[in-house]
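Observations on the three-dimensional arrangement
What follows is each chain in one-letter form.
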Amino acid sequence: INDIEDQIIDEDTSLTLSINVVNPSGEGYTLNFSSNESDIFLDYDIDNSELYIEPLTNWFGSVIISYQTYNNTATDTGTGSFILDVLPINDSPYLDSLLSPTLADTFSTHSDSDHDITFSWIGGDVDDEVVFTLTIELEFFGNTYTDIYEDITDTIYILPASALDPLIGGLNLDESVLTWYIETADTQYTAISSIGEFVVTRQE
C-alpha cells in the first residue's frame, strides 16, 4: 500500500482513512493493522479499503499504527507505519445525582442532639482534580437565606446539624424544610446539581 501520512484527531472522536492499495496482479491479499496502544480500536474494511480508528473515551496521546500486507500464499509483501496524535480536549465536570439527605430525613439543630448531616452526591471531572461547593438555602416569606461551604474535595461532606441553628434560629423557626445543591467548575465549564431537600428542627 502507498505510504499513509501521520494523522491528528481530537479526543473522543474517530477517523476513517481510505487506504490506497496497489495490487497489479489482482490477486487476493490480507492487510493487517496494529497499534502499540491497546486503547486504540482498529477495523479494516477490505471491501471498501477503509481503516476505521477510534480511541477509547477520554484517551489522548500519540500512538504508532503499523500495517503489514500478505498475498494469498501468506508471503509478506510490505510493511509500514504512521503516527496518530490524539489531542486532549477539556471535558466538563459532571454532577449526576444527589444521594443524601432527602426530604425523608429530619435533623435536630439542638446543641445537645449531636446530629451530623451527611451530604453525598455523584460527580467529578475526568480531566482534573475537582472541588465542590455545597449551598444550603432557606426560603422564608420571599427571602432566601444561604449557607455556603466551599473547597470540598470529596463527594461526601459531613456537617454538624447544629451549624444550621443560626439559619433557622435567627428567623425564630422551630422546624423548616431546607434545600441544598452542589456546584463545581473548571476553567471552562460549570456544573450545577438538581435540588435536594431535608428537614431541620430546633427541638432536642
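Further up the page is the structure itself.
The following paragraphs examine the structure supplied in this document. (Residues numbered from 1 in each chain as written. Predicted model: local features only at pLDDT ≥ 70, side-chain atom pairs only at ≥ 80, totals over all residues. Heavy atoms only, no water.)

**Describing the environment of Asp-151**
Positionally, Asp-151 belongs in strand β12 (residues 143-152). On the basis of relative accessible area, Asp-151 is assigned to the exposed category, the value being 63%. Taking the C-alpha atoms as reference points, Asp-151 and Asp-3, 148 residues apart in sequence, are found 52 Å from one another. With near-sequence residues (within four places) excluded, Asp-151 lies in contact with Val-131 and Phe-132. (Helix = DSSP H or I, 4+ residues; strand = E, 2+ residues; numbered from the N terminus. Buried < 20%, exposed > 50% of the residue type's maximum accessible area, 1.4 Å probe, protein only. Contact = heavy atoms within 4.5 Å.)

**Focus: the packing of aromatic side chains**
Within this structure, the stated rule accounts for nine aromatic pairs. Ring geometry for Phe-33 and Tyr-67: centres 5.9 Å apart, planes at 50°, overall tilted. Of the two residues, Phe-33 is situated in strand β3 (residues 29-35) and Tyr-67 in strand β6 (residues 61-71); the sequence distance between them amounts to 34 residues. Considering the side-chain rings of Phe-119 and Phe-198, the 5.7 Å spacing of their centres and the 80° angle between planes classify their relative orientation as edge-to-face. With Phe-119 in strand β10 (residues 116-124) and Phe-198 in strand β16 (residues 196-201), this residue pair connects regions lying 79 residues apart in the sequence. For Phe-119, a relative accessible area of 0% puts it in the buried group. With a relative accessible area of 0%, Phe-198 lands in the buried category. Members of the aromatic cluster, joined through ring pairs, are Phe-107, Phe-119, Trp-180 and Phe-198. (Phe/Tyr/Trp six-rings, centres within 6.5 Å; stacked < 30°, edge-to-face > 60°.)

**Remarks on the environment of Ala-163**
Mapped onto the elements, Ala-163 comes out in the loop between β13 (156-160) and α1 (165-169). Spatially, the C-alpha atoms of Ala-163 and Ile-117 are 10.0 Å apart, while their sequence positions differ by 46 residues. Ala-163 has contacts with Asp-147 and Tyr-149, leaving out every residue within four places of it along the chain.

**Brief notes about the pairing of β16**
Across the six residues that make up β16, a large majority, five, are buried. Bridge count between strand β14 (residues 175-185) and β16: six bridges; the pairing is antiparallel. Counterpart to Leu-178 in the pairing with β16 is Phe-198. (Pairing = 2+ DSSP bridges.)

**Let's talk about a nonpolar patch on the surface**
Where nonpolar side chains cluster on the molecular surface, the patch consists of Tyr-94, Leu-99, Ile-122 and Val-126 and spans about 340 Å² of accessible area. Along the chain, the position of Val-126 falls in the loop between β10 and β11 (132-140). (Patch = residues over 30% accessible without salt bridge, like charges linked within 9 Å, V, L, I, M, F, W, Y side chains within 5 Å. Areas by Shrake-Rupley, 256 points an atom, 1.4 Å probe, with all protein chains shown as cover. Salt bridge = Lys/Arg side-chain N within 4 Å of Asp/Glu carboxyl O.)

Note that all results are geometric; they support no functional claim without further evidence.
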